[in-house]
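Spelled out, the chains give:
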Amino acid sequence: MAMPNYKTFPDSEFRQRLERAKEGMADRGLDALFITDGMNFYYFTGGCPPYSNARPHIALLPRDGEPLLVVPEVAKEALRLESWIPNLKSHLIFGAPIELLKEAFTEFGLESGRIGCEFGREQRLGISYSDLESLKASLPNAHFVDASALLWDLRIVKSKLEVGCIREACKITAEALESAFKKVRVGMTEKQFADIFCSEVARNGGFAPFTFINSGPENYNYLLGPSGFPSRVSDQKLRRGNTLYVDAGCSYNGYWCDFCRIASIGKPSREQISMHELVDNVTQECVDMVKPGVKAFEIIELGSKLLEEAGYPLKGEAGRMGHGVGLAVTEPPNISFDDHTVLKIGMVFTIEPMMVMKYGCFALERNLVVTESGCEVLSKMSTKMRRI
């Protein structure tokens, strides 16, 4: 009888990631990567992130030698099915198993090594600070240093398989949004819209849908609500004359999408039509400039210039005009004035100029991937203003 398949990608995908990591370690003088964050664990091993902070999933990736998983006993058999890595040590400890980790470091000859960790920009440890200090005390000659630059150098450029997952997440989200826009009616609530959207995502094969919604002057500034919790969407009713703004996405095989669309509630006003058109055009002009070699900050410079020329100087509350997307809903690069990342083929990010006015919230976010000749928009859903 055939075994069930829990693997998201072929083993060759993860082997390529490991080889790139080893090259990066050699360039930076690192002897190993100590991986504790759930997303990084999934990226390198294919195994699911832990479902509890009490039971971290850890991977030790030596520059010389094969990787090792250090995981709770309860997760051992699942990870044998999910991960491509056969070497595994299990334990019954809650938290990081310090003695077992010390043993593993010693077996790899890393007692005096330079160990790259998730210390820096937009990275988080999956073990407690006290556990890290205990591990460092048990290996007094080892040097634990920041490896966030290497980790982002690896994750920021997506493979064809990763891009395919984001493309599918965009497709599922677009179908769910179209269905919700068609089914919602004047007088229904924001929560009812979110419930329709989330149900459609699940039906179409997506996971963990999120929605940020506003629909009137009372909450047009509500832009970053709690993702994944439709019950926190308000019970405000959709009223004629307002706009419905929906920022939404879901995950597919662990990879996210994130884009927003707008509907008028009843007949739109001239102001609403004009602002929708302006934001759509500015967004498209920013998309059109994307190609390898462009720097991230140059995109927000163009968007800001176009908005200012139209009489709407950028206020900058968000601090950026887009962000990377992948295993996290937002990750590097940031489309911000201080991000000098040079765009490369395979980078996936969003572009989302936004204007919040007294008559509506306007953003028509695109998800795109950098290609050899420019870019491909992955969020192919029409940006037209829907009408409820």
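Above this note sits the structure.
One structure accompanies this document, and this report is about it. Note that the structure is predicted; figures quoted are calculated from it, not measured.

1. Some words on the environment of K295
Summarising the element assignment, K295 is placed in the loop between α9 (270-288) and α10 (296-309). Residues K295 and I213 lie 82 residues apart in sequence; the distance between their C-alpha atoms is 31 Å. Discounting chain neighbours no more than four positions away, the residues touching K295 are H340, T341 and V342.

2. What about the packing of aromatic side chains?
Geometrically, a pair of aromatic rings is defined through the distance of the ring centres and the angle of the planes. Counting across every chain of the model gives 9 aromatic pairs. Both rings, one in F105 and one in F144, keep their centres 6.0 Å apart while their planes meet at 55°; by these two values the pair is tilted. Linking F105 in helix α4 (residues 98-107) with F144 in strand β6 (residues 143-146), this pair joins segments that are 39 residues apart in sequence. Exposure class is identical for F105 and F144. Each is buried. Taken together, F9, F14 and Y255 form an aromatic cluster joined through their ring pairs. Here the basic side chain of R17 rests over the ring of Y43, its NZ or CZ set 4.3 Å away from the ring centre.

3. Here's the deal with the layout of surface pockets
If you add up the space inside the second largest pocket, you get close to 530 Å³. Forming the walls of the second largest pocket are 21 residues, and the residues nearest its centre are P49, F207, S251, N253 and G254. When residues of the lining of the second largest pocket are traced back to their parent elements, those giving at least two are α2 (38-45), β7 (207-214) and β8 (243-252). Examining the composition of the lining of the second largest pocket, we find that 3 residues originate from one element, α2, more than from any other. The residue makeup of the lining of the second largest pocket, split by class, is 12 nonpolar, 7 polar and 2 charged.

4. Observations concerning the side chain of K22
Take K22: it is sitting in helix α1 (residues 11-28). One buried charge, K22, has no salt-bridge partner; the nearest side chain with opposite charge is E66, at 4.4 Å. A polar atom in the side chain of K22 sits 2.8 Å from the backbone oxygen of G65.

5. Some words on the packing of α1 against α2
As a packed pair, α1 and α2 sit with axes 7 Å apart at the nearest point and diverge in direction by 110°. Comparing their axes, α2 and α1 come out roughly perpendicular. Between α1, through F14, R17, R20 and A21, and α2, the contact on the second element is made entirely by Y42, Y43, F44 and T45. Classifying every residue of the contact of α1 with α2 by side-chain character gives 5 nonpolar, 1 polar and 2 charged.

Basis of the calculations
- Residues numbered from 1 in each chain as written.
- Predicted model: local features only at pLDDT ≥ 70, side-chain atom pairs only at ≥ 80, totals over all residues.
- Heavy atoms only, no water.
- Helix = DSSP H or I, 4+ residues; strand = E, 2+ residues; numbered from the N terminus.
- Contact = heavy atoms within 4.5 Å.
- Phe/Tyr/Trp six-rings, centres within 6.5 Å; stacked < 30°, edge-to-face > 60°.
- Buried < 20%, exposed > 50% of the residue type's maximum accessible area, 1.4 Å probe, protein only.
- Lys NZ or Arg CZ within 6 Å of the ring centre and 35° of its normal.
- 1 Å grid on protein atoms, 1.4 Å probe; cavity = no way out; pocket = protein on both sides within 12 Å on 5 of 7 lines; lining within 4 Å.
- Points joined across faces, edges and corners; volume = space filled by probe spheres on them.
- Nonpolar A, V, L, I, M, F, W, Y, C, P; charged D, E, K, R; others polar.
- Lys, Arg positive; Asp, Glu negative; His and termini not counted.
- Salt bridge = Lys/Arg side-chain N within 4 Å of Asp/Glu carboxyl O.
- Polar contact = N/O pair within 3.5 Å; in protein donor to acceptor, adjacent residues only side chain to side chain.
- Axes fitted to C-alpha atoms, helices over the stretch in contact; angles between N-to-C directions.
- Parallel < 35°, antiparallel > 145°, perpendicular 65-115°, else oblique.

The quantities given are spatial measurements derived from coordinates; they are silent on function.
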